[in-house]
Amino acid sequence: MGFGGIVMIAIGGTLAFEGVLWAIFPSQMRRMYHEAMSQLDDKSLHIGGLVSVMIGVILVGAAVKLAG
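What counts as what
- Residues numbered from 1 in each chain as written.
- Predicted model: local features only at pLDDT ≥ 70, side-chain atom pairs only at ≥ 80, totals over all residues.
- Heavy atoms only, no water.
- Helix = DSSP H or I, 4+ residues; strand = E, 2+ residues; numbered from the N terminus.
- Rg over C-alpha atoms; globule rule 2.2 N^0.38 Å.
- Buried < 20%, exposed > 50% of the residue type's maximum accessible area, 1.4 Å probe, protein only.
- Axes fitted to C-alpha atoms, helices over the stretch in contact; angles between N-to-C directions.
- Parallel < 35°, antiparallel > 145°, perpendicular 65-115°, else oblique.
- Left-handed = near helix turned anticlockwise from the far one by under 90°.
- Nonpolar A, V, L, I, M, F, W, Y, C, P; charged D, E, K, R; others polar.
- Contact = heavy atoms within 4.5 Å.
- Expected span 1.5 Å × (residues − 1).
- Arc of directions from axis to C-beta.

A. Focus on the overall build of the protein. A tally of helices and strands in the protein yields four helices and zero strands. Order of helices (α) and strands (β) in the protein, N terminus to C terminus: α-α-α-α. Relative to a compact globule of 68 residues, whose C-alpha radius of gyration would be 11 Å, the protein shows 14 Å and is clearly more extended. By the burial criterion, 22% of the 68 residues in the protein qualify as buried.

Next comes the structure, spelled out in structure tokens:
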């Protein structure tokens, strides 16, 4: 696996992990990022988290497919 594949897995894994946290724990994550996130409702945070997970999984899958 080349450097590009490693970068894709790192970025995809990070997006997926962060997305899971936002999708499952929007209120707790908002408290952590109080100022910027306090204006968004839970539904927006759920959707943003799910989109992040999808992009992360796609990036990791693409990197694994390219490496294999």
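B. Molecular detail of the packing of helix α1 (residues 3-24) against helix α4 (residues 42-67). Two numbers describe how α1 lies on α4: the axes approach to 7 Å, and their chain directions differ by 155 degrees. The angle between α1 and α4 falls in the class roughly antiparallel. Judged by the sense of rotation from one axis to the other, the crossing of α1 with α4 is left-handed. Residue composition of the contact of α1 with α4, grouped by class: 19 nonpolar, eight polar and no charged.

C. Inspection of the environment of Ser52 at higher detail. Examined against the element boundaries, Ser52 turns out to sit in helix α4. For the pair formed by Ser52 and Asp42, sequence separation is ten residues and the distance between their alpha carbons is 15 Å. Contact partners of Ser52, with chain neighbours within four places excluded, come to Leu15, Ala16 and Gly19.

D. Local environment of the environment of Val20. With respect to the helices and strands, Val20 occurs in helix α1. The partly exposed category is assigned to Val20, whose relative accessible area is 37%. As for Val20 and Gly48, which are separated by 28 residues in sequence, their C-alpha atoms are 9.8 Å apart.

E. Representation of α1 in the model. The first and last C-alpha atoms of α1 sit 32 Å apart over 22 residues, in line with the 32 Å expected at 1.5 Å per residue. Looking only at α1, the buried set comprises Gly5, Gly12, Ala16, Gly19, Trp22 and Ala23. All buried residues of α1 project into a common sector of 130 degrees when viewed along the axis, lining one side. Among the exposed residues of α1, those pointing more than 90 degrees away from its buried face are Phe3 and Phe17.

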